[in-house]
Amino acid sequence: MKRIGKLLVVLFILVGCVVFASALAGGWMDDSAFTQQAKDAAH
């Protein structure tokens, strides 16, 4: 049972990374969110 839990955690993290990478590559997210001006505004 522990192996299934670990596998689910690993799959969840992997899927999250793939979705984030595809969002950046596919332009789903605004690139301006990662500029220095946006970082300065957040502080």
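Our structure is the block above this text.
Cut-offs applied
- Residues numbered from 1 in each chain as written.
- Predicted model: local features only at pLDDT ≥ 70, side-chain atom pairs only at ≥ 80, totals over all residues.
- Heavy atoms only, no water.
- Helix = DSSP H or I, 4+ residues; strand = E, 2+ residues; numbered from the N terminus.
- Buried < 20%, exposed > 50% of the residue type's maximum accessible area, 1.4 Å probe, protein only.
- Areas by Shrake-Rupley, 256 points an atom, 1.4 Å probe, with all protein chains shown as cover.
- Patch = residues over 30% accessible without salt bridge, like charges linked within 9 Å, V, L, I, M, F, W, Y side chains within 5 Å.
- Salt bridge = Lys/Arg side-chain N within 4 Å of Asp/Glu carboxyl O.

When helices and strands are counted, the chain shows 2 helices and 0 strands. Within the span of the chain, comprising 43 residues, buried residues form 2% of the whole. If you sum the accessible surface of the chain, you get close to 4100 Å²; carbon and sulfur atoms cover 71% of it.

Moving on to a nonpolar patch on the surface. Among the surface-exposed residues, Leu-7, Leu-11, Leu-14 and Val-18 lie close enough to one another that they form a single nonpolar patch of about 370 Å² accessible area. Relative to the helices and strands, Leu-14 resides in helix H1 (residues 2-26).

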